[in-house]
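Notes for the structure review
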Amino acid sequence: MTSGGEARVDEDDDTIPQAVHAALVRTAVDADDVEVALGDTIVRGTAPRSERPSPPELPPVPAALRPHYRIRIGDGEPVELDRPVHLGRKPRLTRVPSSVQPLLLAVQSPDGGISATHLELREQGAAVVATDMRTLNGSEVRVPGSPVRTLRRGESVVVTPGTRIDLGEGVVVEILNPGRTEAAR
């Protein structure tokens, strides 16, 4: 609308027929009340939004009941990320204690190319974060649709399901969609 209260018509706008557009601009119609059926715009006469009952708000799902992302090391069984996971040839707890003890998962490293505690994976809200645990050689991260990148010493990156992280020596960790592990079913 212009400052004088008249409808301004955009001549290049072909998304809504101009006559209907002008009528909708003049009458304050809620977008929820407009339907398109076989090319015609239908405006339903309903009570103003302020008079409609609001839908009930659903309580948030507790974190303990939400399905967690999972990881798989090589051909192994999926592991749920219900707490941080430390991976390495002989993983240890960090020097700084935290409220949640990480799961320590050892991987084979006959040549010693994988650090004792090489990588941390943790669910952070609705994302999974991979953090290099200050290794010398890092890890290769392959996010679907993106080029391979090397995770450098101490660096963190958000990863998505389908991401494959190569720790070296043929040890590959895959990020899986949220869900229940077979053992939990």
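For the structure, check the block above.
Residues numbered from 1 in each chain as written. Predicted model: local features only at pLDDT ≥ 70, side-chain atom pairs only at ≥ 80, totals over all residues. Heavy atoms only, no water.

1. Section: the pattern of salt bridges
For clarity, the threshold we go by: Counted as salt bridges are all cases of a side-chain nitrogen of Lys or Arg within 4 Å of a carboxyl oxygen of Asp or Glu. Partly exposed residues are those whose accessible area sits between 20% and 50% of the maximum for their type, while under 20% is buried and over 50% is exposed, using a 1.4 Å probe and protein chains only.
Tallied over the entire structure, the rule returns five salt bridges. Between Glu120 and Arg122 there is a salt bridge, with its nearest N and O atoms 3.1 Å apart. On the basis of relative accessible area, Arg122 is assigned to the partly exposed category, the value being 30%. Taken together, the shared-partner salt bridges connect Arg72, Arg164 and Glu174 into one network.

2. Concerning the sheet that holds strand β12 (residues 164-168)
Definition in use: Two strands pair if DSSP finds at least two bridges between them. Numbering goes from the N terminus for both helices and strands, where a helix is a DSSP run of H or I of at least four residues and a strand is a run of E of at least two.
Reading across the sheet, the six strands line up as β4-β3-β13-β12-β9-β10 and stay open at both edges, with antiparallel pairing between neighbours. Pairing within the sheet leaves two strands with one partner each, and these edge strands are β4 (79-80) and β10 (149-151). Pairing geometry for strand β3 (residues 70-73) and strand β13 (residues 171-176), over four bridges, is antiparallel. Note that in β13 the partner of Ile71 across the bridge is Ile175.

3. Some words on the side chain of Glu120
Counted only if it meets this: Note on definitions: a residue-residue contact is assigned when non-hydrogen atoms from the two residues lie within 4.5 Å.
Along the chain, Glu120 falls in strand β7 (residues 119-124). Relative accessible area serves as the criterion here: at 10%, Glu120 is assigned to the buried category. Beyond its immediate chain neighbours, meaning those up to four positions away, Glu120 contacts Pro84, Val85, His86, Val129, Ala130, Thr131 and Met133.

4. Digging into a positive patch on the surface
This is how it is decided: Only residues whose relative accessible area exceeds 30% and that form no salt bridge are eligible for patches; like-charged ones are grouped when within 9 Å, while nonpolar side chains (Val, Leu, Ile, Met, Phe, Trp, Tyr) are grouped when within 5 Å. Only the protein chains shown count as cover for residues, and the accessible areas themselves come from Shrake-Rupley with a 1.4 Å probe. A residue counts as positive if it is Lys or Arg and as negative if it is Asp or Glu; His and the chain ends are not included. A charge is said to be at NZ when it belongs to Lys, at CZ for Arg, at CG for Asp and at CD for Glu.
Among the surface-exposed residues, Arg89, Lys90, Arg92 and Arg95 lie close enough to one another that they form a single positively charged patch. Assignment of secondary structure puts Lys90 in the loop between β5 (85-88) and β6 (103-106).

5. A look at the nonpolar core
Convention followed: As used in this record, nonpolar core signifies buried Ala, Val, Leu, Ile, Met, Phe, Trp, Tyr and Cys residues forming a set joined through side-chain atoms within 4.5 Å.
Counting residues in each nonpolar core, the largest one holds 21 residues, and the members touching the most others are Leu87, Leu121 and Ile165. Sorting elements by how many residues they give to this core places β13 first, with three residues.

6. A closer look at the pairing of β7
Relative to β7, β5 is paired through three bridges, and the arrangement is antiparallel. Opposite Leu87, over in β7, you have Leu119 as the bridge partner. Across six bridges, β7 lies against strand β8 (residues 127-132) in antiparallel orientation. In the sheet register, Leu119 faces β8, and the bridge partner there is Asp132. Counting the residues that bridge the hairpin from β7 to β8 gives two residues, and of these Gly125 lies at a positive phi of roughly 65 degrees.

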